[in-house]
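If you want the building blocks of each chain, they are given just below.
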Amino acid sequence: MMYFMENPFEFGRELVSDELVNRVEELALVKQIINSGGKLFVIGPRRYGKTSLLKATAEKSAGEGNIILRYNAEAFSEIDGLVKKIIQDSARLLKGSVEKTGEQISRYFKSLRPEISFSMTQSEWKSSIGVTPAANAGNIGLLVDALNGLEELASEQKEKKTALIIDEFQEILSSEGVTAEKQIRSAIQTHKNTAYIFAGSKTRMLTEMTTDANRPFYRLGTLLFIGELPRTEFSRFLLDKFTFGDFFSAKTDETEKRDLTLKILDLAEDVPYNVQMLAHSLWNRLLQIKIGTPEKAYLTTDLINETLDKIIRQNDPFYTQIWNGLTTIQKKTLTAVVEEDGQNLQSNRVTTKSGVSASSIRRSLESLISQDVLRQDEKLGNIKIRFEDPFFAHWIRIFSN
């Protein structure tokens, strides 16, 4: 029966609340914002569980009968697509006859002149909008009208809370910047019945947007930074799971067990997605070993290193494609990030060693950050350049030369 134990390590999908590791305070804050009709900016790198956190809270709140609309801005090529989806989902969540719901939607979002219908064959609402963006408002104007309509809807919900959650929110603002920020702020700062949760992975962009006193979103809402999980608790999570699977030798003491879990965290650079990926692969390999030679089915340093090497080789086509699409200077910059652990990259020693000027390295770093290959990590007053995918750094160590 042990051989068919379900793998407890999940990655590559949105997790539910029971699968999250130590996000209790974050979950509580998001729920409090929804219940109070507040505004929250959730800022965190990709692969840190930000989306799963929002999903878990949204599902719990919706399960309590509230109206929760959650979207990823990257899923829409144009803002009007998001606006139509807001209208459709608002109709879906309202209770009543098709005719009554249609009348309510037309009244709430009257400035958009929506045409709403229910498809009996597909069991879903369809919508279109009867206006085009004004020359001076752009698509942001449509979104503002939708937000105003949502607030009107929320004001009539007696026992329900209403919340709009938009992940990768920076994508909405990328083309219009501060102008869009001003338009959105002017609308939602007066809204008292709708909670707004805007999240994004462009940490530097969103941090500047929300902490610069000259920007419209300054002090508009609460800030929640999603960072690394406490190592002690993440290590304990791994240790408990592998212990449950009986994947530690009887000769391995508690200190050695902890060191093995810390090895996993080190190789994954504490990035939750990568930690789960490596642990998932380790669990599967240990199960395979247990079937053939159960006396050898134990977690070891060698097995951890071998499993990481296997993951990297499996992803070689993906990493090779990224590498081949870079300029020579960008490749040298990434190599420097690996060799220097992301620090002091524009020093004389590094520029001399790499043969790239400080200004070229700076431009290269900015480009690689914009491409989501690298990110800037600011902690305790220090700035460090890190890979969005730490396993790509391991690939560079092995294959780039």
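All values derive from a computational prediction rather than experimental measurement.

## Considering helix α4 (residues 98-108)
Right, so step 1: Residues Thr-101, Gly-102, Gln-104, Ile-105 and Tyr-108 constitute the buried set of α4. Along the long axis of α4, the arc covered by the buried residues comes to 165°, so they all point the same way.

## Here's the deal with the environment of Ser-367
Right, so step 1: Among the secondary structure elements, Ser-367 is positioned in helix α16 (residues 358-370).
Right, so step 2: Here Ser-367 falls in the partly exposed class, since its relative accessible area comes to 23%.
Right, so step 3: Residues Ser-367 and Phe-237 lie 130 residues apart in sequence; the distance between their C-alpha atoms is 36 Å.
Right, so step 4: Side chain to side chain, Ser-367 and Gln-330 meet in a polar contact 3.1 Å long.
Right, so step 5: A distance of 2.9 Å separates a polar atom in the side chain of Ser-367 from a polar atom in the side chain of Gln-371.

## Observations regarding the sheet that holds strand β7 (residues 222-225)
Right, so step 1: One open sheet accounts for five strands, arranged β2-β5-β6-β1-β7; its pairing is parallel. Since the sheet does not close on itself, it has two edges, and those belong to β2 (67-72) and β7, each with one partner. The average undirected angle you get between the axes of adjacent strands in this sheet is 15°.
Right, so step 2: In this sheet, β7 lies alongside strand β1 (residues 39-43) in parallel orientation, the contact comprising four bridges. Along β7, the bridge assignment pairs Val-42 with Leu-224.
Right, so step 3: Sitting on the sheet, helix α8 (residues 203-211) touches β1, β6 (194-200) and β7, and the angle it makes with β1 is about 150°.

## A look at the side chain of Thr-194
Right, so step 1: Topologically, Thr-194 is positioned in strand β6.
Right, so step 2: On the basis of relative accessibility, which here comes to 0%, the residue Thr-194 falls in the buried class.
Right, so step 3: At a separation of 2.9 Å, a polar atom in the side chain of Thr-194 contacts the side chain of Glu-151.
Right, so step 4: Look past the residues within four positions of Thr-194 in its chain and what remains in contact with it is Gly-37, Gly-38, Leu-150, Glu-151, Ala-154, Thr-162 and Leu-164.

## Some words on the pairing of strand β4 (residues 124-129)
Right, so step 1: Burial along β4 is one-sided: the face carrying Trp-125, Ser-127 and Ile-129 is buried and the face carrying Glu-124, Lys-126 and Ser-128 is not.
Right, so step 2: In terms of strand pairing, strand β3 (residues 114-119) meets β4 through six bridges, oriented antiparallel. Bridge pairing links Phe-118 to Trp-125 in β4.
Right, so step 3: What sits between the antiparallel neighbours β3 and β4 is a turn of four residues, in which Ser-123 has the positive phi angle 55°.

## Thoughts on the nonpolar core
Right, so step 1: Counting 52 residues, the largest nonpolar core has Phe-242, Leu-278, Leu-334, Leu-374, Phe-387 and Phe-392 as the members making the most contacts within it.
Right, so step 2: For this core, the leading source of residues is helix α11 (residues 272-292), giving eight residues.
Right, so step 3: Residues in contact with Leu-334, not counting those within four places in the same chain, are Trp-323, Leu-326, Leu-368, Val-373, Leu-374, Phe-387, Phe-392 and Ile-396.
Right, so step 4: One finds Ile-86, Leu-94, Leu-164 and Leu-173 within the second-largest nonpolar core, a separate group that totals 45 residues.

Each value, and the rule that gives it
Residues numbered from 1 in each chain as written. Predicted model: local features only at pLDDT ≥ 70, side-chain atom pairs only at ≥ 80, totals over all residues. Heavy atoms only, no water. Buried < 20%, exposed > 50% of the residue type's maximum accessible area, 1.4 Å probe, protein only. Helix = DSSP H or I, 4+ residues; strand = E, 2+ residues; numbered from the N terminus. Arc of directions from axis to C-beta. Polar contact = N/O pair within 3.5 Å; in protein donor to acceptor, adjacent residues only side chain to side chain. Pairing = 2+ DSSP bridges. Axes fitted to C-alpha atoms, helices over the stretch in contact; angles between N-to-C directions. Contact = heavy atoms within 4.5 Å. Core = buried A, V, L, I, M, F, W, Y, C linked by side-chain atoms within 4.5 Å.

Read these as layout, nothing more, since geometry by itself doesn't imply function.
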